[in-house]
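# Fold and geometry: a report
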Amino acid sequence: MLYLAVRPLTVEILSSNNPFSADRKYEIPCQTFGSRPPAKITWIMDGKDLKPPKYNTSQSDTEDGNSTTSILSFVPTRQDNGRSLTCRASNHLVQSGVEEATVKLNVF
């Protein structure tokens, strides 16, 4: 069997454009398609990796391995207003195997 590594084709942050309320917990999903093997998803805010315990993430792949979803759980603060939240899908087996999606946070 021929095994082909493929870069992620698309990445999308599946949150609505509704503003966030400060100090409430949110779960933000990010989905990527097309990566083989499944992409590793990392979350970044203004250039810094989001790590536990302040930020928690879970990641799951579909059975066929074509799609990967990561859910970021976090509590935005007023200081997060205007910051850029990025979901980065990477496949280190492929040259330039990185795709990302970014949203600007709107926190009240």
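The structure presented is a predicted model; accordingly, all values stated were derived computationally and were not measured. (Residues numbered from 1 in each chain as written. Predicted model: local features only at pLDDT ≥ 70, side-chain atom pairs only at ≥ 80, totals over all residues. Heavy atoms only, no water.)

## Side note on the side chain of T86
For T86, the position within the fold is in strand β7 (residues 84-90). Side-chain polar atoms of T86 contact the side chain of T102, separated by 2.9 Å. When near neighbours in sequence (up to four residues on either side) are disregarded, T86 contacts T42, W43, I44, E100, A101 and T102. (Helix = DSSP H or I, 4+ residues; strand = E, 2+ residues; numbered from the N terminus. Polar contact = N/O pair within 3.5 Å; in protein donor to acceptor, adjacent residues only side chain to side chain. Contact = heavy atoms within 4.5 Å.)

## Some points on the environment of N106
With respect to the helices and strands, the residue N106 is situated in the segment after β8 (98-104). Judged by its relative accessible area of 34%, N106 falls in the partly exposed class. Along the chain, N106 and R78 lie 28 residues apart, while their C-alpha atoms are 9.0 Å from each other. Setting aside anything within four residues of it in sequence, one finds N106 in contact with P19, F20 and N81. (Buried < 20%, exposed > 50% of the residue type's maximum accessible area, 1.4 Å probe, protein only.)

## Observations concerning the pairing of strand β5 (residues 56-61)
Along any regular strand the residues' side chains alternate between the sheet's two faces. Pairing analysis gives six bridges linking β5 to strand β6 (residues 67-74), with the strands arranged antiparallel. In the sheet register, S58 faces β6, and the bridge partner there is I71. Counted between consecutive antiparallel strands, the loop separating β5 from β6 contains five residues, among which G65 sits at a positive phi close to 75 degrees. (Pairing = 2+ DSSP bridges.)

## A look at the packing of aromatic side chains
Each aromatic ring pair is described using two quantities: the centre-to-centre distance and the angle formed by the ring planes. One pass over the full model with this rule turns up three aromatic pairs. Ring centres 4.7 Å apart and planes at 80 degrees place the aromatic pair F20 and Y26 in the edge-to-face group. We classify F20 as buried; its relative accessible area is 9%. Residue Y26 is classed as buried on the basis of its relative accessible area of 16%. (Phe/Tyr/Trp six-rings, centres within 6.5 Å; stacked < 30°, edge-to-face > 60°.)

## Focus on the state of the cysteines
Counting across every chain of the model gives one disulfide. The side chain of C30 participates in a disulfide bridge whose partner is C87; the two sulfur atoms lie 1.8 Å from each other. Its S-S torsion of approximately -85 degrees makes the covalent link between C30 and C87 left-handed. Of the two residues, C30 sits in strand β2 (residues 26-33) while C87 sits in strand β7, which places them 57 residues apart along the sequence. (Disulfide = S-S within 2.5 Å.)

## Describing the UniProt feature "domain: Ig-like" (unreviewed entry) in the chain
Per the UniProt entry, the sites bearing "domain: Ig-like" (unreviewed entry) are residues 8-106 in this numbering. As a span, residues 8-106 carries 0% helix and 48% strand, and end to end its C-alpha atoms are 28 Å apart. (UniProt positions renumbered as here; feature names shortened; annotations may be inferred.)

## Some thoughts on the nonpolar core
Residues W43 and L85 are the most contacted members of the largest nonpolar core, which totals 21 residues. Of all the elements in the fold, those that place two or more residues in this core are β1 (10-13), β2, β3 (40-45), β6 and β7. (Core = buried A, V, L, I, M, F, W, Y, C linked by side-chain atoms within 4.5 Å.)

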